[in-house]
Every structure is written in structure tokens, then in C-alpha cells.
Amino acid sequence: MTHFLKAWILAIGLILTPTALSAQEALPAAPVVDPAAASAVESADAPAAAEATASGLDPALYTPMKPTPGIGMPVDGNIDFQQQFSPTGETAHWINSAILVPMMVGVSLVVLGLLFWVVVRFRRGANPEPSKTTHNTFIEIIWTVIPVLILVVIAVPSISLLARQFEPASEDALTVKVTGYQWYWGYSYPDNGDFEIISNMLSEEEAAARGEPHQLAADNRMVIPVGKPVKLLITAADVIHSFAIPSAWFKLDAVPGRINEKVLQIDREGVYYGQCSELCGARHGFMPITVEVLSQEKFDNWVRANGGTVKGEAAMNEVSAEGRGAAEETSTVVAPEMVPASDSTGATAPSASAPVTQ
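Okay, so let's go over this structure. (Residues numbered from 1 in each chain as written. Predicted model: local features only at pLDDT ≥ 70, side-chain atom pairs only at ≥ 80, totals over all residues. Heavy atoms only, no water.)

Let's shift gears to the overall build of the protein. For the protein, the count of helices and strands is eight helices and ten strands. Counting over 358 residues, the protein shows a buried share of 28%. Restricting to contacts in the protein with at least 6 residues of sequence separation, those with at least 24 account for 62%. Accessible surface, the protein as shown: approximately 22900 Å² in total, 63% of it carbon and sulfur. (Helix = DSSP H or I, 4+ residues; strand = E, 2+ residues; numbered from the N terminus. Buried < 20%, exposed > 50% of the residue type's maximum accessible area, 1.4 Å probe, protein only. Contact = heavy atoms within 4.5 Å. Areas by Shrake-Rupley, 256 points an atom, 1.4 Å probe, with all protein chains shown as cover.)

For the structure shown, the criterion picks out twelve aromatic pairs. Ring centres of Tyr 189 and Trp 302 lie 5.1 Å apart, and the angle between their planes is 65°; on these two criteria the pair is classed as edge-to-face. Of this pair, Tyr 189 sits in strand E2 (residues 184-189) while Trp 302 sits in helix H7 (residues 296-305), and the two are 113 residues apart along the sequence. Owing to a relative accessible area of 2%, Trp 302 belongs among the buried residues under this scheme. One Lys or Arg, Lys 262, reaches over the ring of Phe 166 and ends 5.1 Å from the middle of that ring. Looking at Lys 262, its charged tip hangs above the ring of Phe 250, at a distance of 5.0 Å from the centre. (Phe/Tyr/Trp six-rings, centres within 6.5 Å; stacked < 30°, edge-to-face > 60°. Lys NZ or Arg CZ within 6 Å of the ring centre and 35° of its normal.)

This brings us to the layout of surface pockets. Within this model, the second largest pocket holds a volume of roughly 790 Å³. Around the second largest pocket, the lining is made up of 22 residues, and of these Leu 114, Trp 117, Ile 139, Ile 142 and Trp 143 lie nearest the centre. Mapped onto the lining of the second largest pocket, the elements with two or more residues apiece are helix H4 (87-121) and helix H5 (137-165). Among the residues making up the lining of the second largest pocket, the classes are represented as 15 nonpolar, six polar and one charged. (1 Å grid on protein atoms, 1.4 Å probe; cavity = no way out; pocket = protein on both sides within 12 Å on 5 of 7 lines; lining within 4 Å. Points joined across faces, edges and corners; volume = space filled by probe spheres on them. Nonpolar A, V, L, I, M, F, W, Y, C, P; charged D, E, K, R; others polar.)

A few words on the sheet that holds strand E8 (residues 260-264). The pairing of strands in a sheet comes from backbone hydrogen bonds and takes either a parallel or an antiparallel form. Pairing in this open sheet of five strands is mixed, and the strands run E3-E2-E1-E5-E8 from one edge to the other. Each of the sheet's edge strands pairs with one partner strand only, and the pair in question is strand E3 (195-199) and E8. Strand-to-strand twist of the sheet, defined as the mean angle between neighbouring strand axes without regard to direction, takes the value 25°. Packed on one face of the sheet, H7 meets strand E1 (174-181), E2 and E3 and runs near 95° to E3. (Pairing = 2+ DSSP bridges. Axes fitted to C-alpha atoms, helices over the stretch in contact; angles between N-to-C directions.)

And the structure:
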């Protein structure tokens, strides 16, 4: 018995050792903060200025938006999906509310009614002689045809919604590459200079200071323009993660060595939260997703604040530079005509540009 107990203790210890070691791994070191910038943060009086400085970006170009309570985040006591702000999310919510829930309620009530009817109609007191019926063609047709019709009614809008979720993005859609790390997110913008944003979870104190929900707020957000399709290229650097935003009906796995593509579109400005939805290690529950949706003008300013290039501006600058270069090449310096000179007799000498006749 003693050897059996020791063997179990040793086995449990071996199983828990890798988890304990993984839990001790620290997150990537935070970027070094300039002392001058730190002092500026401490001396700032306005909350908006403090938030902008904390983001590390020029407050004249970008100030982090405050979230709206109940929008883009879980709500206490809610028994339904989060309010949806994407076209696919609105359709999916309608399918659930208008088709699935009424069907579930109806089927449950019918089955419950049949159960009560069987209990009352075929109880021992009412049927001392039990029925020996083994087949009933009509009943078998009914319980075969009705479920088929129910499945067809569910399948038509569901398959349509599934196809819409994986339609390819348009050629002019903004591209954002999402990379899952252990245990944080990285967002790259190849269309805007290919800069990358590293996003880590805020501490409880930092989240409270910024007015954001704990364990959902991140120090740096993924920013996209409002009402426009964004092509997300999702991958992972180490293990499988999952990029999920419930209020946009968006979820796609991030797999190492593979790039999964899906379109994200959010039709209202605001801050939207999500979390990694695939078990990925000891800190799986601490890699939130924060998406900030801004107008196109504010999004362009955010790109400039991060040192990126606004899509279209670079091409215009190149065209302008080419035009200036072409103008300089085609321009010629015109020499001034020689001023006619007069001799001592008062006669005027012919100009250099005029032909001389004898």
C-alpha cells in the first residue's frame, strides 16, 4: 500500500512540474520608459493628457478612447449574447433570437406536453391492460418528417451565415497581421509601413485608472477604422491561440506555421474586448484582446503617431516627387538676348540672334 501511494505521489509530481515551471516564466520585459516622459506623466493634470502620455504616443495625434459601459464587453446578469456591432454578428444574433430560441422553446413544450399526456392517458389506473402495439406508420412518418423540416429551416440561414463569414476581403481592405505569443498579442500593419504593436494585459490598478474592465484591458490596442472591412491574417509564434471578439461575432484560431484569414468589420466607434479562446498555457487567461474602432481621420492620425504611413499618402508623395523631377529635367535655362550696341557713329549693331545680311 505504501509503494502504491508513493507511486501516485511521484506521478502527480511529474505531471505538475512542467506546469509549475511554465507558470514561472515571465512576460517579455516592458519597454524602457524615458525619465523625462515619466515625469511628464506624473505632472499632467488633465486625465486625457495622462492617458495619451501613458500610451507613449503624441497626444496631439492620438488619445485612447474610453470604453462605453455595456458596449463591447460582458454585462453582469446577461443571459443572451453580447450586443452585436458587425454585419455577421447582427445576422447571427437574429438567427438565434428569431429561429433557434423559438424552435427550442416550441420543441421543449411539445415534448413536455406529450410526456404529461402519456403519464395521464396511459397510467396503470386508466389502462389495466397495456397496449401491445409495436408499430404505427403515421407516428413514424411524423417523427421523421418534422425533424427534417426543422433541420432544413435551421440549415438555410446557418449555411448562408457561414459562407458570409469566410468571404474574401476586397482588394482595398486594410490588412492587419495578428500574431499570438505566450502570452500576449502582436498587431502588424503591412499596409501602413509594417510597424507592430505589442499588447499586454494591464494590471488591476492600471485598468481602474483608465476606466477599463480588469483582465480585458490592454496597454496597447489594435486600432481599425469604423465601418470598413479589415483583412485579418492570424497566426501564432509558439502554440495554438484563438483570436475572439464576442461583440463582433469573430473567432479564428491562430496556428503556428499557418496563416488563417478572415474579415472583421465593426460599424460603430468604440472599444471592444475579447480574450484568447484556446488553452495555450499557464497564462492563457491573461492575454486579452482590445480593439479600438475609430473614424478614418483618427485612424490615420494613430498610424502617423506610431511612425507609420497612411495608405495612399505615400503614393501621392511619390507621384509628386516624380512630377517635380520631370519638371526639373524638362525645364531649360533661356539665355537673355544680347542687347544691341551702338557704335560711335550712332549706328546700331545687329543682335546676336538676328541674321546678318550683306
